[in-house]
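Listed below are the residues making up each chain.
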Amino acid sequence: MSSASLSGRTALVTGATSGIGYETARLLAARGATVLVHGRTADEAQAATDRLIATAGVEAGQLCAYAADFTRLEEVEALAVRVVANHPHLDVLVNNAGMAAPERHTITADGNEIAFQVNFLAHYLLTNLLEQALTSDPGGRVVNVSSSLHRTGNIQWSDPNRARRYSRLAAYAQAQLALTVFAADPRVTAVSVHPGICDTGLLPLYAHEGAPAAEGAAHVVRLCDPAVEIVNGAYYDRDQRVEPAPAATEGRSVQRLNKLASLLTGHTA
């Protein structure tokens, strides 16, 4: 893998306090990028940046801690406002923050099923609010950290909250499918990637053992590199471009999803 310098480039990584997000932030910073380290709380984001400085030898000036709890869309909006104010030009947005859907059907204060909001709607909103910063110069790109489980998912258009029939795996897969479909939205250059099955907090959804998180992060970082040519809307399984689930390439799905997401986030693109 090329480790060309990314100095002068700025990347926001959501969910960067542990797992693949943390390792992605570490690898991007190691290659010279300025990294905006997002965590659920200010304390978590600060602890992650402190750890990167102390253990990964990253320069303090390369890191900025940002907080937003994705179960609250108003915090996502506030995050976007702060990012744009401080970094009017953003080269990369890594939509990585994620959670396993809980055992019990859970609705956020915004009225959405929690996994759908945290894994997809918050990223939809954030990406739209950062569109100006990402397109201020050519070459800005979005990397959605998705999952091979998106193939098992379907979007319940009439009941995205799955109030009628809830299963945590179906809810998680629906959110990952939505994130994968969203990459095909033409407004910002975007791809989605399944980083492989890694030893992170989400491992129990997949298997008993996984690769180190840094290995998954390397596949994410490769797609952040402007020297790596990407196909807008493409889906990558680790370092190979493969066909995603059929829904992810249907133009109608993209339009329907935009409509649904703008309704649920109260944000019209």
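Nothing here was measured: the structure is a model prediction, and the numbers come from that model.

Now for the pairing of strand β4 (residues 92–95). Every second residue of β4 is oriented toward a common face, with Val-92 and Val-94 on one face and Leu-93 and Asn-95 on the other, all of them buried. Here four bridges tie β4 to strand β5 (residues 141–145), and the two strands are oriented parallel to one another. Counted as the bridge partner of Val-92 is Arg-141 from β5.

With that settled, the discussion passes to the packing of aromatic side chains. The description of an aromatic ring pair rests on the distance of the ring centres and on the angle between the ring planes. Evaluation of the coordinates by the stated rule reveals four aromatic pairs. On the basis of an interplanar angle of 80 degrees and a centroid distance of 6.0 Å, the ring pair of Phe-120 and Phe-182 is categorised as edge-to-face. One end of the pair, Phe-120, is in helix α4 (residues 114–129); the other, Phe-182, is in helix α6 (residues 168–182), and 62 residues separate them in sequence. According to the relative accessible area criterion, Phe-120 is buried, its value standing at 0%. Here Tyr-124 and Phe-182 contribute two aromatic rings whose centre-to-centre distance is 5.2 Å and whose plane-to-plane angle is 50 degrees, an arrangement assigned as tilted. One end of the pair, Tyr-124, is in helix α4; the other, Phe-182, is in helix α6, with 58 residues separating them in the sequence. Of the two residues, Tyr-124 and Phe-182, both sit in the buried class. An aromatic cluster is built from Phe-116, Phe-120, Tyr-124 and Phe-182, whose rings are joined through pairwise contacts.

To continue, consider unusual backbone geometry. Unlike most non-glycine residues, Arg-162 shows phi in positive territory, near 55 degrees. By the secondary structure assignment, Arg-162 is in the loop between β5 and α6. A positive phi is found at Arg-238, a non-glycine position, where the angle reads about 55 degrees. The residue Arg-238 is located in the loop between β7 (235–237) and β8 (240–242) in this model. Judged by relative accessible area, which is 39%, Arg-238 ranks as partly exposed.

Our next topic: the pattern of salt bridges. All chains considered together, the criterion is met by eight salt bridges. The partner of Asp-91 in a salt bridge is Arg-9, and the shortest N-O contact between them spans 3.8 Å. Here Asp-91 is found in the loop between α3 (73–86) and β4, whereas its partner Arg-9 is found in the segment before β1 (10–13), with 82 residues between them in sequence. One exposure class covers both Asp-91 and Arg-9, and it is buried.

If you look at the biggest cluster of nonpolar residues, it comprises 33 residues, and the most contacted ones within it are Leu-28 and Val-35. Apart from residues lying up to four places away in sequence, Val-35 is in contact with Ala-11, Val-13, Ala-25, Leu-28, Ala-29, Gln-62, Leu-63 and Cys-64.

All right, on to the side chain of Asn-112 then. Along the chain, Asn-112 turns up in the loop between β4 and α4. Among the polar contacts made by the side chain of Asn-112, one reaches the side chain of Gln-117 at a distance of 3.0 Å. With residues near it in sequence (within four places) discarded, Asn-112 still touches Leu-73, Thr-106, Ile-107, Gln-117, Leu-121, Asn-161 and Leu-264.

Once that is clear, we can look at the sheet that holds β7. Pairing between sheet strands relies on hydrogen bonds along the backbone, with the strands arranged either parallel or antiparallel. In space, the eight strands of this open sheet follow the order β3-β2-β1-β4-β5-β6-β7-β8, with mixed pairing throughout. Sheet topology places β3 (63–67) and β8 at the edges, where each strand pairs with a single neighbour. Averaged over all neighbouring strand pairs, the angle between strand axes comes to 25 degrees, with direction disregarded. In terms of strand pairing, β1 meets β4 through three bridges, oriented parallel. Note that in β4 the partner of Val-13 across the bridge is Val-94.

About the thresholds
Residues numbered from 1 in each chain as written. Predicted model: local features only at pLDDT ≥ 70, side-chain atom pairs only at ≥ 80, totals over all residues. Heavy atoms only, no water. Buried < 20%, exposed > 50% of the residue type's maximum accessible area, 1.4 Å probe, protein only. Helix = DSSP H or I, 4+ residues; strand = E, 2+ residues; numbered from the N terminus. Pairing = 2+ DSSP bridges. Phe/Tyr/Trp six-rings, centres within 6.5 Å; stacked < 30°, edge-to-face > 60°. Salt bridge = Lys/Arg side-chain N within 4 Å of Asp/Glu carboxyl O. Core = buried A, V, L, I, M, F, W, Y, C linked by side-chain atoms within 4.5 Å. Contact = heavy atoms within 4.5 Å. Polar contact = N/O pair within 3.5 Å; in protein donor to acceptor, adjacent residues only side chain to side chain. Axes fitted to C-alpha atoms, helices over the stretch in contact; angles between N-to-C directions.

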